[in-house]
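The lines below spell out each chain.
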Amino acid sequence: MVARPTRAKRVSAGPLVAGGFSVAWLTLIVLIPLSAVVVRSLDDGLAAFWDDVTSPQAVAAMKLTLIASLIVAAIDAVMGTVVAWVLVRDDFRGKSVVNAVIDLPFALPTIVAGLTLLALYGPNSAVHINAAFTRWGVLMALLFVTLPFVVRTVQPVLIELDREMEEAAASLGAGRVTVFRRIVFPHLLPALLSGVALAFARAVGEIGALVLIAGNTPFKTEVASVFVFLHIQGGDQAGASAVAVVMLAISFALLLAIGGLRFLATRHERA
């Protein structure tokens, strides 16, 4: 009996073309501009780069940005989960309106958000709360622009979550806190970490909502994005690029750390 010759497996060119196109597009849109910023930051040499990023004003701006962004991301993690839970699990009048308002920071120009916050919480506040030109104003502006991220990442997971497991645990005597901690939270954690990462990234790079309400006072309310903007306007592109590169490196490292936590949180699903 003569064995038939086996046919060589055909390799589809579709995935290769799509992958190459994706890499080329990513390089054009992200990697090349970032490389240009790194090169510009070294125009005056490493010594000038170090002097720029270690100046007291630059350190104060970066410190405020990172601390405020971490605080905002932590608040968003808690309140975003609560809001998503209410929208998915509860029925109330005006629910569709609330659901639409959550996406408003996505559509609203951030400079308009800053103007709105300044009108409400400025010197002529209708509610008699003056947070303008303070660090509280910085936090409020960042909370406004990062509101949707955790809500919109957690909400789909809650919708798809099988509630029979929760009911079974409750029937066995588990309390609400135990049910949430042992059953709901492990399923929410990957989406929650993704939302936190997005909120943190948005907070680090925000400028429009902060220009008006923060006041941009050095060593007090000046954030890194405004520091970079003002130094570019002043003609110090190398110094502005140096601070931008440091913030990029720090933000990328923190995002990688959050991604690592998400990887660990989903290891059982992959297994």
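Up top is the structure these notes are about.
(A) Main features of a nonpolar patch on the surface. Nonpolar side chains collect at one region of the surface, where Phe21, Trp25, Leu26, Leu28, Ile29, Val30, Leu31, Ile32, Leu34 and Leu248 lie side by side and expose about 940 Å² of accessible area between them. Counting residues per element, the nonpolar patch draws most heavily on helix 1 (residues 14–41), at 9 residues. Secondary-structure assignment places isoleucine 32 in helix 1.

(B) Quick peek at the environment of aspartate 44. Relative to the helices and strands, aspartate 44 resides in the loop between helix 1 and helix 2 (46–53). For aspartate 44 and valine 184, which are 140 residues apart along the polypeptide, the C-alpha to C-alpha distance reads 53 Å.

(C) Fine view of the packing of aromatic side chains. In this structure the tally under the stated criterion is 3 aromatic pairs. For the ring pair tryptophan 85 and phenylalanine 180, a centre distance of 5.8 Å and an interplane angle of 70 degrees mean the geometry is edge-to-face. Of the two residues, tryptophan 85 is situated in helix 3 (residues 56–89) and phenylalanine 180 in helix 9 (residues 176–205); the sequence distance between them amounts to 95 residues. On the accessibility criterion, tryptophan 85 (27% relative accessible area) is partly exposed. The interplanar angle of 45 degrees and the centroid separation of 6.2 Å between the aromatic rings of phenylalanine 180 and phenylalanine 185 together place this pair among those described as tilted. The class for phenylalanine 185 is partly exposed, based on a relative accessible area of 31%. Pairwise contacts between aromatic rings join Trp85, Phe180 and Phe185 into one cluster. The lysine or arginine in question, arginine 89, covers the ring of tryptophan 85, its NZ or CZ lying 4.4 Å from the ring centre.

(D) Spotlight on unusual backbone geometry. Positioned with a positive phi, phenylalanine 133 is a non-glycine residue whose angle comes to about 60 degrees. Residue phenylalanine 133 is classed as partly exposed on the basis of its relative accessible area, which comes to 39%. For phenylalanine 219, which is not a glycine, the phi torsion comes out positive at approximately 70 degrees. One can find phenylalanine 219 in the loop between helix 10 (208–213) and helix 11 (224–233).

(E) The arrangement of the nonpolar core in detail. One finds Met62, Val154, Val196, Val243 and Met247 to be the most contacted residues of the largest nonpolar core, which totals 34 residues. Residue assignment for this core shows that the elements contributing at least two residues are helix 2, helix 3, helix 7 (135–160), helix 9, helix 11 and helix 12 (237–265). Core analysis: the next-biggest nonpolar cluster, separate from the first, contains 18 residues, Ala68, Val72, Ala113 and Leu117 among them.

Definitions and cut-offs
- Residues numbered from 1 in each chain as written.
- Predicted model: local features only at pLDDT ≥ 70, side-chain atom pairs only at ≥ 80, totals over all residues.
- Heavy atoms only, no water.
- Patch = residues over 30% accessible without salt bridge, like charges linked within 9 Å, V, L, I, M, F, W, Y side chains within 5 Å.
- Areas by Shrake-Rupley, 256 points an atom, 1.4 Å probe, with all protein chains shown as cover.
- Salt bridge = Lys/Arg side-chain N within 4 Å of Asp/Glu carboxyl O.
- Helix = DSSP H or I, 4+ residues; strand = E, 2+ residues; numbered from the N terminus.
- Phe/Tyr/Trp six-rings, centres within 6.5 Å; stacked < 30°, edge-to-face > 60°.
- Buried < 20%, exposed > 50% of the residue type's maximum accessible area, 1.4 Å probe, protein only.
- Lys NZ or Arg CZ within 6 Å of the ring centre and 35° of its normal.
- Core = buried A, V, L, I, M, F, W, Y, C linked by side-chain atoms within 4.5 Å.

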